[in-house]
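What follows is the residue order along each chain.
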Amino acid sequence: IILYIKRFTKNTFFLEKNPTIVNFPIKNIDFGDLLTEEFRKQHKNTKYNLVSNIVHDGEPSKGTFRAHIYHKSNGQWYEMQDLHVTDILPQMITLTESYIQIYELNIFFFDWIIL
């Protein structure tokens, strides 16, 4: 699931940015209420985990972008900006001005229920 948070609004005179911090969970968010009834009938598991978060910093016309990427193999979050890659705590991701979020179906949770 890809979520786009509308940060920019253009009016007659200039482009504005909405800097509101959006509170969101990183693991086990249930999107069941947002999915079609047909999809929910076919799939009992509707919980997702965040795997990527894109952030816009600065002014609308001259800002920069950062990406937070989850590395499944080692369970670590990384922040990438240009050629710089650093570790980041998951708690810090929720304090950013998120612009685009990518969620993945929580398959581990689903397998655990079957067992």
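Only a predicted model underlies this, so the values are computations on that prediction, with no experimental measurement involved.

A. A look at the environment of Phe24. Here Phe24 shows up in the loop between strand 3 (15-17) and strand 4 (29-30). The spatial distance from the C-alpha of Phe24 to the C-alpha of Ile93 is 9.4 Å, given a sequence separation of 69 residues. Once you skip the residues sitting within four places of it in the chain, Phe24 turns out to touch Leu50, Asn53, Ile93, Thr94, Ser98, Gln101 and Tyr103.

B. Looking closely at unusual backbone geometry. Positive phi is not limited to glycine here, since Asn28 has a value of about 55 degrees. Inspection of the secondary structure puts Asn28 in the loop between strand 3 and strand 4. Taking the relative accessible area as the measure of exposure, Asn28 reaches 38% and is therefore partly exposed. The residue Asp82 is not glycine, and still its phi comes out positive at about 55 degrees.

C. How the structure looks around the pairing of strand 8 (residues 84-88). Where strand 7 (residues 76-81) lies against strand 8, five bridges are found, and the strand directions are antiparallel. If you follow Trp77 over to strand 8, its bridge partner there is Ile88. Turn length for the strand 7-strand 8 hairpin, with the two strands adjacent in sequence and antiparallel, is two residues, and the turn residue Asp82 shows positive phi of about 55 degrees.

D. The pattern of salt bridges, seen in detail. In total, this model carries five salt bridges according to the counting rule given. One salt bridge in this structure joins Asp57 and Arg66, with 2.5 Å as the shortest N-O distance. In this structure Asp57 comes out as partly exposed when scored by relative accessible area, which is 24%. For Glu79, the salt bridge identified is with Arg66, shortest N-O distance 2.6 Å. Of this pair, Glu79 sits in strand 7 while Arg66 sits in strand 6 (residues 64-71), placing them 13 residues apart in sequence.

Calculation rules
Sequence positions are assigned chain by chain, starting from 1 and proceeding in written order. Totals for whole chains, interfaces and linings use all residues, but because this is a predicted model, local features are given only for residues with pLDDT of at least 70 and pairs of side-chain atoms are given and counted only at 80 or more. To get the side-chain values, all heavy atoms of the structure are used, and hydrogens and water are removed first. Put simply, DSSP marks the helices as runs of H or I at least four residues long and the strands as runs of E at least two long, and each gets a number from the N terminus on. Any two residues whose heavy atoms approach within 4.5 Å at even a single point are treated as in contact. For the exposure calls, accessible area comes from a 1.4 Å probe over protein chains only, and a residue counts as buried if that area is under 20% of its type's maximum, exposed if over 50%, partly exposed in between. Pairing between strands is defined by DSSP: at least two bridges between them are needed. Note on definitions: salt bridges are taken to be side-chain nitrogens of Lys or Arg within 4 Å of carboxyl oxygens of Asp or Glu.

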